[in-house]
Structures are given as structure tokens and as C-alpha cells.
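Residues per chain are reported as follows:
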Amino acid sequence: MKSIPALLLSALILSGCATHQSPTGRGQTLLFSSQEINQMGDASFEQIKKQEKMSKDSKLVTYVDCVANRVTQVLPDKSLKWDVVVFESEQVNAFALPGGHIGVYTGLLKVAENEDQLATVIGHEVAHVLAHHSNEQVSRVQMTGLGMQLADAALGAGGVSNKDLYMAALGLGTQVGFILPYGREQENEADIMGVELMARAGFDPSQSMLLWQNMAKVGGEQGPELLSTHPSHGHRIDDLSQMQAQVMPLYLASKNKVKNRCQIAK
Ligand SMILES: [Zn+2]
């Protein structure tokens, strides 16, 4: 690991030092402009749409759209248009990408039992983007040469493209075969911000605890972003229960303004 300081230095010189503060006041190093990171998100999403099977079940798509749109409508930046795609896959997973892209796997819909539970996951994923976690992760790859180590570990002698690396850094480990997990602090931040987002969008934040209980029951082979790299369920449910008093008023203030409940049409 001797080479890291030199790499770090050159990365900082090349892109200009960019120390930011995360929404919860953590220091963040962001080496990429939002334009650059959005382009990476756009390109990764195009790639996934080619690799994965998109659902043609219009009732499911309408339902997921409904939940995702309500969440993204409460975001501060109204200029970004988010697109939402449902992928036909048993994976219990979802992701959000910079540039305004949301992917939900049909496997998740068996675990997220209602609109509030689905909004828990979408809120969490969108919060990762909002808090620049994607930028932070890609910057980490850039600074530490972590990609080389990961590639060696995951793929043996076979190479891995930069594109794959960035996809892994953006939380898309399943698509490229190796995981670059978010840190515990990032997960915690995404939980805090996500539950607030869902409450503002008129989704019942108390359902967030049930969602993670359901996740815990699924066990076994889960999507990497949602489970294996995430904090223990017990810990996360405790944290979420402590947040209820804070977010419940937001929910009570917004729930009567919601015109469209989201349901899978019969
Ligand atoms: Zn996460």
C-alpha cells in the first residue's frame, strides 16, 4: 500500500482538491464534477438496460413508477428528470444512479410488501446519490488504485475494464461480478435521509422497520447493495425506530396531500 500517498496526491492535483461535507457533516473527498458523475451514471444505466431483462408487466411498472415518482418529487432539485426501470430478476435489489436513474428488480417486490416498504428502499437508494456517495466511491477507486486490488481478487488473471470498475463503485456489483461496498457511515446516512424522504413523500416511515425485518427473513442470497454490504438488520432497525419521532410529523403533514396511492392494479 506504499503507493497510495503518491496516487492520492496526483489525483488531488489533477482534479483540484475537493473536500466537501456530507449531509450529516462527514468530510467527503469528491474528485469528479457532478456532470462527470452523472455521465458515468447515464452510461452505467445504458449498460444495465442492455444486460438485464426489462419487465413488460405494465401493472408492476406503473406501481413502481408511482412510488419512485412520489419520492423523487420531494427532492430539492426539481430540474432532474428521473427515469425508472423494472428489471425481471429474482434478485432482491434496487439501485439509484447519478444522472437520475432508478432500477428495481422484481425480486424486491416479493419482500417489499406495500408502497411504504418499496419507498423505504427507493428512498434509501436515492439518498446514496443525493449525498454524493457515488462520487465518493468512484473517487475512492481513483485515489487508492483499489480497483486493481479488487480486480486481482475477483477475477484472477482476467482483466477488468475501467467501466466495470466504475459500475462496481456506483453500487452495481451484481452486473460486473464484484462488490465495492458502501461504508457503514454512508449506509447510515442513506437510511437517515431515505426515511425522511419517504415521510415527506407521504409514505409511512414506520414501515421502514418492517421492510428490514422482511429482508432479514429472506436471508441467503441477496442483492449485494441491499444486504450483504449493509449494516446488521438489528442495528439498522434500532436506528430507524429512534428516528420515528422525528419523521412521523413530516409524514402526518404530507400524507393527506397525497393524491395518488400506489398499488399494483388487480
Ligand atoms: Zn445502501
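Calculation rules
Residues numbered from 1 in each chain as written. Predicted model: local features only at pLDDT ≥ 70, side-chain atom pairs only at ≥ 80, totals over all residues. Heavy atoms only, no water. Helix = DSSP H or I, 4+ residues; strand = E, 2+ residues; numbered from the N terminus. Buried < 20%, exposed > 50% of the residue type's maximum accessible area, 1.4 Å probe, protein only. Contact = heavy atoms within 4.5 Å. Areas by Shrake-Rupley, 256 points an atom, 1.4 Å probe, with all protein chains shown as cover. Phe/Tyr/Trp six-rings, centres within 6.5 Å; stacked < 30°, edge-to-face > 60°. Lys NZ or Arg CZ within 6 Å of the ring centre and 35° of its normal. Disulfide = S-S within 2.5 Å. pLDDT = per-residue confidence, 0-100.

Colleague: Help me understand the overall build of the chain in this model?
Modeller: Tallying secondary structure elements over the chain gives 12 helices and 5 strands in all. Within the chain, buried positions represent 52% of all 266 residues. Considering only intrachain contacts with a sequence separation of at least 6, the fraction spanning at least 24 residues in the chain is 73%. Accessible area for the chain stands at about 12500 Å²; split by element, carbon and sulfur atoms hold 54% of it.

Colleague: In this structure, what is going on with the packing of aromatic side chains? I would like to understand it.
Modeller: Geometrically, a pair of aromatic rings is defined through the distance of the ring centres and the angle of the planes. A complete count under the given rule lists 5 aromatic pairs for this structure. For the pair Phe 87 and Tyr 105, a centre-to-centre distance of 5.6 Å together with 35 degrees between the ring planes defines the contact as tilted. On the criterion of sequence distance, the pair formed by Phe 87 in strand 3 (residues 83-87) and Tyr 105 in strand 5 (residues 101-105) is long-range, its members being 18 residues apart. Here the two residues Phe 87 and Tyr 105 agree in accessibility, since each one is buried. Through a chain of ring-to-ring contacts, three or more aromatic side chains come together here, namely Phe 45, Phe 87, Phe 95 and Tyr 105. A cation sits over an aromatic face here: Arg 70 above Phe 203, 3.8 Å from the ring centre. Looking at Arg 236, its charged tip hangs above the ring of Trp 212, at a distance of 3.8 Å from the centre.

Colleague: I keep staring at the state of the cysteines and nothing clicks. Help me out?
Modeller: Disulfides are covalent bonds that link the sulfur atoms of two cysteine residues. The tally for this structure, following the rule as stated, stands at 1 disulfide. With a sulfur-sulfur separation of 2.0 Å, Cys 66 is cross-linked through a disulfide to Cys 262. Looking along the S-S bond of the Cys 66-Cys 262 disulfide, the torsion reads about -75 degrees, which is the left-handed sense. Placement of Cys 66 in helix 3 (residues 58-73) and of Cys 262 in the segment after helix 12 (233-254) is noted, with a sequence separation of 196 residues between them. By relative accessible area, which is 4% here, Cys 262 ends up buried.

Colleague: What's the story with the confidence of the model for the chain in this structure? I'm lost.
Modeller: Detailed reading of the predicted model is not advised wherever pLDDT is low. Per-chain confidence: the chain averages 83 in pLDDT, with 79% of residues scoring 70 or above. Counting interchain partners and residues more than four positions distant, the pLDDT-below-50 stretch residues 1-5 has 3 contacts. Every residue in residues 220-224 is under pLDDT 50, and counting partners more than four places away or in other chains gives 10 contacts.

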